[in-house]
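Understanding the architecture of this molecule
Residues per chain, in single letters:
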Amino acid sequence: MTKKWVYLFREGNTRMRDLLGGKGADLAEMTNIGLPVPPGFIVTTEACNAYFDAGKQFPAGMWEQVLEAMKTIEQEAGKRFGDPTNPLLVSCRSGGRVSMPGMMDTVLNIGLNAETLHGLAQLTGNERFAWDAYRRLIGMFGNIVKGVPRHAFEDILDAYKAQTVGGKDTDLTTDMLKDVVRDFKALYRRELGEEFPDDPYEQLRAAIAAVFDSWFGAPAVAYRNAEGLPHDWGTAVNVVTMVFGNMGNDSGTGVAFTRNPATGEKKLYGEYLMNAQGEDVVAGIRTPHPISDMQEELPGIYEEFSRIAERLERHYRDLQDMEFTIERGKLWMLQTRSGKRTARAAVKIAVDMANEGLITKEEAVRRVQPNQVNQFLHPQFDPQAKEQAKKAGDLLAVGLNASPGAAAGTVVFEADVAEKMGNAGQAVILVRPETNPDDVHGMAKAKGILTQHGGMTSHAAVVARGWGKPCVAGCEEIRIDLTNKTFTVAGRTIKEGDFISIDGTTGEVFAGHIATRPPSFKEEVELTTLLGWADEIRKLGVLTNADNPTDAARAREFGAEGIGLCRTEHMFFEEERRPIVVRMIMSEDEAERQEMLDRLLPFQREDFEGIFRAMDGYPVIIRLIDPPMHEFLPPREELIEQVVTLRCTGADPARLAELEKMLTVVNSLWEINPMMGLRGCRAGLMYKGLTEMQTRAIFEAACNVAKEGVDVHPEVMIPLTSHVNEFHIEREKLEAVAKAVMAEKGVALDYKFGTMIEVPRAALTAGEIARYADFFSFGTNDLTQMTYGISRDDAEGKFLLAYVRRGILPHNPFEVLDRDGVGLLMRWCVEKGRAANPKLEIGGCGEHFGEPNSIEFSHIIGMDYVSCSPFRVPIARLAAAQAALRHEYGRK
Ligand code: PEP
Ligand code: MG
């Protein structure tokens, strides 16, 4: 028996997405729950893959199954394919496992030819309609199946439209459409050296092959690359009986969401156009009406559609994105799928649906991707700067608020230019009449998108929302001149290269550059509710990396439960302190060194006091100085150059002596590989007094604020331990200082001493180190560097990203934790560390711990907490909860 390549709608269901594609599986599901879906069938994704495997040949038996299925739908529709008196027409639509908006191809009106055209005209009593359908078929088939440029057909159509009074498609007369068909066919012949195929089955065969081919079309490949989707899924092909929205004023077509996909508001949201086909809405050629208008225009249909929408949402328990057509007063559902939504809508819909009892809190937490939380932290225009721009008359126009967020950049009109400038790090706004899949590469690199035409469901809007990129669409006030690379609006001309600012939240477009600022997290009630639920679920603590009171306070606002890494060296670089640090390093005797350390102490103490206050009630893990000392001194090459110049010119002998002395010190500190040199705990052990000073500052600060009533929990973290003795000796020395300070101040604090695990040897000998440590914190930046033997400062700029591009490495290991290598060390470390010291607390503070995949791993191996930069704290809270919903916690 040959394999089953073709499924009727009634043979499928929503769980068969891998085989039938999302669209087909949901058409099948809708058919089976009794909704009005035109008869049709699905050619499977397996058939697509088999087609490519066989060098673009349909697999054996597939075409016969298509013919069989055509017979069935002929019976269901009561029409026949190619029958001149009662013709059946079909569409051929792509449908991958996940939706790829506008990326794949669709051919409509298959089955029309010079004969069936008359049958259609008679059947509908509408000759004009039949000719219009025919010209659409030739145009789409010519473009999609045969690759004739779309604009060649559009130019012909535009020339005829220009002869009408209204200038729209609908103004073309039947005779004009006949001429359009004649000209389209001539163009087809000229471009391809063959006639347009009038055999309906030849049309169908070629259209199915073209849909398969579109899977590897440039836009689809670019989209999958941008989204990280595999290329071997293949697309299914949906063959669906045509229903027509352009049969007159009792017909129409539209797209709608069960809730607002930009804001999440619970209200039917969408657009429709009377007397039009679906492509007219999606392509943004005519600007459609909001769906709420349908309530007045077609109350019966509106009522029926609302009921179906509600039913679908309850059935799928998620936001639905639906396509429908009204053919002579009868409603047909052409698609439903889980709707793409902005981060804001994702959060609101998840929280609302949980509150409505439609889904559980756990499901709500699962529904939002951690990285979507990022979009809440996206810049908005500074309200004052925006007000000023308005007062200055810079508000140019208001379009549709298609995708929220604010962006400023220079105007570019072409996707290629946007891509190039974006890659060069320039902020650009891509301005287009409308966008289509050919523009995706430029859209990906633009800061924002502005289109003249198209609605909330136009290509530009859908893609921008998916990517969380600001977009203003349908801004009809602007007039774009692509030839001269300008647009005019309100009497002003904006040229390529001029600055504009767009607000995708309000639809406003401004001339000039408006400053942006982050939104207020506290006011995001739904997000904080969702994160509150996440907190109830997660097992991992979420701390933050912060080294000043402002960052600490912001992280608290974002929900951080303490500081997991306070890097103290940043404090040494500040203007007033640097010269003292330099003198400390250069000091010739103990007394001078101590004097400098004594001068640094109050600065450090003050920094710590601010941080402790901001973290009232939470642990603050302070890491002692880590970088090599030479980093505080001028670069060696620079010094050599200055010394040589002064020696040659003989000018300024005093300065020369000073620089020579500095150079001697720098030379003495110079190391071939400083990242593996005298840094971390080694500096603490070798430079007398340095870490003692830091510990004194920490404990004086802690005692001082404790006296103010602040609940302080200082934890001292010793960096870069590789041998137990390093840690053991440092701890003993520093704990004595801590105890002395507490005795002086008469305050007993709850404190800890621990180490970072950044060197493979430390992970391997965790059992020994854990006997002396209260906590471990994985410094995965260094641990990755040392495990891979790849320099973290050089590799990304040199070869690492090429490695990822070429598939040599699955990810950049400095971004996504390497579970197999670094992760193995971490597992070992956790196991041995806890066995030696059951009370040992284990966290991590490398860059990885704000990245969802790495956080999931941290949960699996049973770490106690992750620590990340303040802006990633909300992401980490959600990612940790999702990890808990997916995996057992490693800490028993
Ligand atoms: C680390 O190595 O992961 C770490 C947090 O320390 P730093 O990045 O400061 O070396
Ligand atoms: Mg480190």
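Right, let's walk through the structure included here. Each residue is numbered by its place in its chain's sequence as written, counting from 1. Whichever chain is written first becomes A and whichever ligand is written first becomes 1, with later ones labelled in order. For a predicted model such as this one, the threshold for reporting local features is a pLDDT of at least 70, and the threshold for listing and counting side-chain atom pairs is 80 or more; totals across whole chains, interfaces and linings nevertheless cover every residue. Side-chain metrics rest on all non-hydrogen atoms present in the structure, leaving aside hydrogens and water.

**Section: the sheet that holds strand β28 (residues 619-623)**
- A pair of strands is labelled paired if DSSP reports no fewer than 2 bridges between them. Elements are defined by DSSP. Helices are runs of H or I of four residues or more, strands are runs of E of two residues or more, and each kind is numbered from the N terminus. Strand order in the closed barrel made by the 8 strands is β26-β27-β28-β29-β30-β31-β32-β33, with parallel pairing throughout. Here the strands of the sheet are splayed against their neighbours by 25° on average, with no regard to which way each runs.
- Direction of pairing for strand β29 (residues 713-718) relative to strand β30 (residues 752-757): parallel, over a ladder of 4 bridges. Opposite Val 716, over in β30, you have Phe 753 as the bridge partner.
- Docked against the sheet, helix α33 (residues 822-836) engages β30, β31 (775-778) and β32 (841-844), running at close to 175° with respect to β31. Axis definition: a line fitted to C-alpha atoms, limited for helices to the stretch in contact. Angles are taken between N-to-C directions and run from 0 to 180 degrees. Should any heavy atoms of two residues lie within 4.5 Å, those residues are counted as being in contact.

**Quick notes on the site of ligand 1**
- Taken together, 14 residues form the shell around ligand 1, and within it Arg 567, Gly 779, Asn 781, Asp 782 and Arg 792 come nearest.
- Between an oxygen atom of ligand 1 and a side-chain N or O atom of Arg 567, the distance comes to 2.8 Å.
- Any N or O atom pair separated by 3.5 Å or less is treated as a polar contact, with the protein-specific requirement of one donor-capable and one acceptor-capable atom, and with residues adjacent in sequence counted only for side-chain atom pairs. Between ligand 1 and Asp 782 there is a distance of 2.9 Å, counted from an oxygen atom to a backbone nitrogen or oxygen.
- With residues, only the protein chains shown are counted as cover, and all accessible areas are computed by Shrake-Rupley using a 1.4 Å probe. Across the complex, the protein chains shield 95% of the 290 Å² of accessible surface that ligand 1 would expose by itself.
- Ranked by the residues each element gives to the shell around ligand 1, the list is headed by helix α31 (residues 780-788), at 3 residues.
- Any residue outside Ala, Val, Leu, Ile, Met, Phe, Trp, Tyr, Cys, Pro, Asp, Glu, Lys and Arg is labelled polar, Gly included; the first ten of those are nonpolar and the last four are charged. For the shell around ligand 1, the residue count by class is 3 nonpolar, 4 polar and 7 charged. Here, proximity means that at least one heavy atom of the residue falls within 4 Å of the molecule or strand.

**Side note on the coordination of the magnesium ion (ligand 2)**
- Sodium, potassium and calcium take a 3.2 Å donor cutoff, other metals 2.8 Å, and in both cases only N, O and S atoms count; water is not among them, so sites may look incomplete. The coordination sphere of the magnesium ion (ligand 2) contains the protein donors Glu 758 (OE) and Asp 782 (OD), at a distance range of 2.0 Å. Separated by 24 residues along the polypeptide, Glu 758 in the loop between β30 and α29 (760-764) and Asp 782 in helix α31 bring together distant segments of the chain.
- For Glu 758, a relative accessible area of 2% translates into the label buried. Whether a residue is buried, partly exposed or exposed follows from its accessible area with a 1.4 Å probe, protein chains only, as a fraction of its type maximum: under 20%, in between, or over 50%, in that order.

**A look at the packing of helix α6 (residues 150-161) against helix α7 (residues 174-192)**
- At a closest axis distance of 10 Å, the pairing of α6 and α7 adopts a crossing angle of 155°. In terms of orientation, α6 lies roughly antiparallel with respect to α7. Note on packing geometry: the crossing formed by α6 with α7 is right-handed. Contact with α6, carried on its side by Ala 152, Phe 153, Ile 156, Leu 157 and Tyr 160, involves Met 176, Asp 179, Val 180, Arg 182, Asp 183, Phe 184 and Leu 187 of α7 and no other residues of that element.
- Class assignment of the residues belonging to the contact of α6 with α7 gives a composition of 9 nonpolar, no polar and 3 charged. Oblique is the label for any angle not covered by the other classes, which are roughly parallel (under 35 degrees), roughly antiparallel (over 145) and roughly perpendicular (65 to 115). The crossing is said to be left-handed when, going from far helix to near helix, the turn is anticlockwise and less than a right angle, and right-handed when the turn is clockwise.

**What to know about unusual backbone geometry**
- Unusually for a residue other than glycine, Asn 275 sits at a positive phi of about 50°.
- Following the sequence through the fold, Asn 275 ends up in the loop between β9 (269-274) and α10 (278-282).
- Notably, Ala 490 is not glycine yet its phi reads approximately 45°, a positive angle.
- Within the secondary structure, Ala 490 is located in the loop between β21 (486-489) and β22 (492-495).

**Notes on the side chain of Asp 818**
- With respect to the helices and strands, the residue Asp 818 is situated in the loop between α32 (795-805) and α33.
- The positive count covers Lys and Arg only, the negative count covers Asp and Glu only, and His and the chain ends enter neither. Salt bridges are identified by distance alone: a Lys or Arg side-chain nitrogen within 4 Å of an Asp or Glu carboxyl oxygen. No salt bridge is formed by the buried Asp 818; the nearest opposite charge belongs to Arg 819, separated by 8.6 Å.
- Polar contacts involving the side chain of Asp 818 include one to the main-chain amide nitrogen of Gly 821, which spans 3.2 Å.
- Apart from residues lying up to four places away in sequence, Asp 818 is in contact with Tyr 788 and Gly 823.

**Focus: the sheet that holds strand β19 (residues 471-473)**
- The strand order β14-β24-β23-β16-β17-β18-β19-β15 describes an open sheet built from 8 strands, whose pairing is mixed. Of all the strands in the sheet, the pair left with one neighbour each is β14 (395-398) and β15 (400-403). Recorded for the sheet is a direction-independent mean angle of 30° between the axes of neighbouring strands.
- Relative to strand β23 (residues 499-503), strand β16 (residues 406-412) runs antiparallel, the two being bridged by 5 bridges.

**Focus: the nonpolar core**
- Here, nonpolar core refers to any group of buried Ala, Val, Leu, Ile, Met, Phe, Trp, Tyr and Cys residues whose side-chain atoms link them within 4.5 Å. In terms of nonpolar packing, the biggest core is built from 130 residues, with Leu 530, Phe 612, Phe 699, Phe 776, Phe 778 and Met 826 touching the most fellow members.
- Each residue touching Met 826, except ones within four places of it in the same chain, is listed here: Phe 778, Thr 780, Leu 783, Leu 817, Phe 849, Phe 857, Ile 861 and Met 863.
- In this structure, Met 70, Phe 129, Val 180 and Phe 184 belong to the second largest nonpolar core, which totals 65 residues.

**A short note on the environment of Thr 755**
- By the element assignment, Thr 755 lies in strand β30.
- Spatially, the C-alpha atom of Thr 755 lies 61 Å from that of Ala 210, the residues being 545 residues apart in sequence.
- In this structure Thr 755 touches Met 717, Ile 718, Thr 721, Phe 727, Ile 769, Phe 775, Phe 776 and Ser 777, once residues within four positions along its chain are discounted.
- In this structure the side chain of Thr 755 is engaged in a polar contact, spanning 2.7 Å, whose partner is the side chain of Thr 721.

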